[in-house]
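The chain contents come next:
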Amino acid sequence: MILAVARNRLMSLTHDRAAFVLAFVLPVAFFTIFAAIFGRSSERTATRRIPVAVVDEDGSENSRRFVAALRAEKGLRVLLAPGEDRKAPGQPYSRQDAEAAVRGGDISVALVIPRGFGERPISFEPGIERPRLTILADSSDPIAPQVLAGLVQKVAMTAMPDALARSGMEALDRFGGGLTPEQRSKMEENLGWLRRHSQTPSSGSTAAGPAASGLIDVETRDLMGETKSNPTVAFLAAGLGVMFLLFSAAGAGGALIEEVESGTLDRILSTRVSMSKLLLGKLLYLAGIAAVQLTVMFLWGSLVFGLELRKHLAGFTVMTVATALACSTYGLLLASICRTRMQLVAVANLTILTMSALGGSMFPRYLMPEGMQKAGLVTINAWAIDGFQKVFWREEPLWRLWPQVAALLGVTVLLLALARRIARRWEIA
Amino acid sequence: MSDRALPLEVRNLSKSFGGRLALDGVSLTLSPGEILGLLGPNGAGKTTLVRSVAGRVMPDEGSLQILGLDPADDAARAVRGWVPQETALYSLLSPRENLWTFGRYQGLAGEALEAGIAKSLEWIGLADRANEKTERLSGGMKRRLNIAAGTIHSPRVLLLDEPTVGVDPQSRERIYAMIGELQSQGVSLLYTTHYMEEAERLCDRIAIIDHGKIIALGTKEELVRRTLGSRQALTIDAVSPIPPPLKEKLARLGAAVDDLKVQVSVEDAATQIRQLLDLFHEERVSVRDLTLKSATLEQVFLQLTGRELRE
């Protein structure tokens with residue numbers, strides 16, 4: 001009897017071929033996608049290049065050597081001007097430009113090399129301050145400033161050991177009772193050797209030299225998180241919210257399949273309701289529910305986790321409407337593609353979990369290799385999360401949401417047109 | 001919409017699905033206030049024809065007009081009602097909510113909608129259960145609600161696709177009464193059914209459809225006369241098994257004979273009954289029962305299609 005029950009289910013599954021195939025394709029597809037993202041974590045660390053805006057206020061030979069050495073670092077992508085890695089670079093970054101770029105989310109970290117750095121990169125003398133390098137950071141990416149800070153120390157040692165050694169020797173000369181001519185001559189000889197054997201941009205190799213840390217005075221300024229009460233909540237609410245909305249819309253969109261099965265769809269289409277009106281009506285319902293779901297989530301975040309909802313109400317409303325529309329049309333599209341509930345569940349699981357992983361709902365996109373970050377832009381999740389980040393994290397004016405809103409509304413129109421096209425199969429026999 | 005246009009006019013309608021011909025040059029008309037029964041075995045093309053009239057199937061050839069309108073026109077949708085074979089309702093909604101939904105979908109609003117809902121609930125006898133979930137209603141109640149959902153907008157042409165399938169005799173009677181009321185209001189009905197007695201009782205004219213073709217169309221009397229003439233069906237039940245010599249004699253008279261029963265179609269009942277009884281007497285076989293019936297629609301159907309209706 002038990003076997004009969006099991007066999008009955010198996011028979012149902014084999015009759016729904018698409019669901020049958022998906023049942024086996026699904027785990028393999030998941031495995032492939034997640035292995036591509038997580039499975040090569042060591043490789044990822046090596047291949048993820050953090051874009052850094054560098055402002056060289058010093059412009060000395062030493063600072064240029066320092067920048068060149070930073071450029072040679074595999075972990076960094078040094079940009080001296082906006083769009084430098086593209087065809088039309090702009091003016092070199094000023095401190096203000098770099099700060100604006102970080103605040104605007106164009107780049108998550110910048111380094112400012114102040115005047116006098118090349119002259120006196122380190123100082124052992126009381127009362128004489130070392131020039132302080134400044135890292136301007138967006139702490140929504142907490143990794144980038146740490147990596148940069150470490151590499152700055154490393155590069156200083158490897159790229160300009162002679163300058164560091166000179167500073168040290170000069171301090172010794174001044175406070176150690178003076179060097180003999182013979183010692184001074186030897187020192188110059190050694191400094192020359194250090195200069196010749198310091199790391200060159202082209203070699204990319206690490207020169208022999210004393211390992212040290214913290215010799216360079218580096219200050220990290222968190223431009224974004226200084227005033228935030230709970231900086232990660234907005235990211236979590238947006239990331240999880242979008243994923244939840246997609247699942248929710250796919251489930252609710254399944255009502256269309258139930259209407260096909262129950263015969264009500266057929267009946268409706270014989271009334272004065274056309275397929276276009278029907279789909280728009282469904283979209284209105286799905287988007288309305290989705291907007292309420294997001295609102296409830298953010299309200300909860302505001303009440304319990306200190307999310308500043310009231311302060312960002314306009315941006316929140318715009319992003320919520322755009323996100324709800326995009327997620328809802330996705331649910332409609334799935335419902336129009338799938339022929340059974342079983343197929344819908346399989347396709348929804350596969351695509352939504354994949355989009356959520358790629359689009360940054362499960363973990364931040366800045367942790368991914370660059371290619372994967374770009375691929376993430378095909379997902380609704382990425383655009384929605386970026387938009388909510390702009391509202392709650394960067395506190396940008398409303399008009400700066402246009403790329404995200406345009407992308408989400410574009411997706412809405414495209415998916416709705418696709419769903420309408422596919423729904424023709426129900427329209428008339 | 002012309003006042004003189006027929007409620008339904010179908011001309012040479014053909015439709016095939018993947019090479020299988022579902023409708024093959026069907027032509028028929030429906031007069032104002034008439035109930036036209038559509039009889040046919042499963043797969044004969046009844047549902048395809050009804051769905052074509054409902055605007056849910058696009059014919060390959062031929063024409064179809066509802067009160068002179070194309071079935072896809074908005075005006076045609078407004079004057080047409082369709083009660084599909086399955087109870088196509090929202091089971092989690094109440095009867096009132098279902099009626100609201102289909103009333104709105106048919107363009108009713110405001111007071112007209114409220115009045116339509118109240119009238120429909122009264123008409124189908126569900127006013128006291130208007131707010132229960134539809135899934136909790138009996139099969140007969142759901143069938144009645146199914147009819148109300150297709151008629152809430154007071155259509156002038158109504159398509160009823162087997163509206164009494166699976167309902168108990170009491171509910172069936174109630175549905176017959178509802179159909180009678182619709183007809184008295186001047187609604188023209190295209191009525192498909194599997195039940196011969198339903199067709200005989202309700203329909204003014206009957207179209208028999210088989211293999212996608214209308215093979216007979218007319219009143220019951222016309223169909224019987226045309227198909228079977230004025231012949232009557234005679235059945236004789238014997239007390240004891242009929243011996244082979246008598247079987248042979250009866251067979252020569254065109255009778256179907258088995259061990260205890262003889263069935264024969266007779267033109268001149270008085271003369272032929274006497275002849276048959278004489279044969280029984282000669283062979284010393286006693287007769288238990290003898291019945292003479294006028295030809296039925298069932299026999300017409302059998303004669304025309306070679307099949308029972310419920311095959």
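Being a predicted model, the structure only gives us computed values, none of them experimental.

Caption draft 1: How the structure looks around the confidence of the model for chain B. For chain B, per-residue confidence averages 90 on the pLDDT scale, and 97% of positions sit at 70 or higher. Across the interfaces of the predicted complex, the ipTM metric reaches 0.83, alongside a pTM of 0.76.

Caption draft 2: Quick look at the interface of chain B and chain A. Facing the 18 residues of chain B at the interface are 13 residues of chain A. Top contributing element to the side of chain B that touches chain A by residue count: helix H2 (residues 74–79) of chain B, with three residues. Each residue belonging to the side of chain B that touches chain A can be placed in one class, and the counts come to eleven nonpolar, three polar and four charged.

Caption draft 3: Fine view of the pairing of strand S7 (residues 188–193) of chain B. Residue and element names in this part refer to chain B. Burial runs high along S7: six of the six residues are buried. As paired elements, strand S3 (residues 35–39) and S7 share five bridges and run parallel to each other. Directly across from Leu 36, in S7, lies its bridge partner Leu 190. Direction of pairing for strand S6 (residues 157–161) relative to S7: parallel, over a ladder of five bridges. Residue Leu 159 lies in a different strand from S7, and its bridge partner there is Leu 190. Between S6 and its parallel partner S7, the chain crosses via helix H6 (residues 169–184), and the hand of that crossover is right-handed.

Caption draft 4: Spatial organisation of the sheet that holds strand S8 (residues 205–210) of chain B. Residue and element names in this part refer to chain B. Strand order across the open sheet formed by six strands is S5-S6-S7-S3-S8-S9, with mixed pairing between neighbours. In this open sheet, the two strands that pair with only one neighbour each are strand S5 (80–83) and strand S9 (213–218). Averaged over all neighbouring strand pairs, the angle between strand axes comes to 15°, with direction disregarded. Across four bridges, the pairing between S3 and S8 is parallel. Residue pairing for S8: Leu 39 is matched across the bridge by Ile 208. Strand contacts of helix H8 (residues 220–228): S8 and S9, with the helix running at about 110° to S9, the strand carrying the most contacts.

Caption draft 5: Quick look at the packing of helix H4 (residues 61–72) of chain A against helix H6 (residues 143–159) of chain A. Residues and elements named next belong to chain A. Two elements in contact, H4 and H6, have axes whose closest approach is 9 Å; the angle formed by their N-to-C orientations is 120°. One finds that H4 runs oblique with respect to H6. Like other packed secondary-structure pairs, H4 and H6 cross with a definite hand, here right-handed. On H6, the residues touching Arg 65, Phe 66, Ala 69 and Leu 70 of H4 are Leu 151, Val 155, Ala 156, Thr 158 and Ala 159. Looking at side-chain class alone, the contact of H4 with H6 contains seven nonpolar, one polar and one charged residues.

Calculation rules
Residues numbered from 1 in each chain as written. Chains lettered and ligands numbered in written order. Predicted model: local features only at pLDDT ≥ 70, side-chain atom pairs only at ≥ 80, totals over all residues. pLDDT = per-residue confidence, 0-100. Contact = placed C-beta atoms within 7 Å. Helix = DSSP H or I, 4+ residues; strand = E, 2+ residues; numbered from the N terminus. Nonpolar A, V, L, I, M, F, W, Y, C, P; charged D, E, K, R; others polar. Buried ≥ 20, exposed ≤ 12 C-beta atoms within 10 Å, placed from the backbone. Pairing = 2+ DSSP bridges. Right-handed = clockwise from strand over helix to strand, strands pointing away. Axes fitted to C-alpha atoms, helices over the stretch in contact; angles between N-to-C directions. Parallel < 35°, antiparallel > 145°, perpendicular 65-115°, else oblique. Left-handed = near helix turned anticlockwise from the far one by under 90°.

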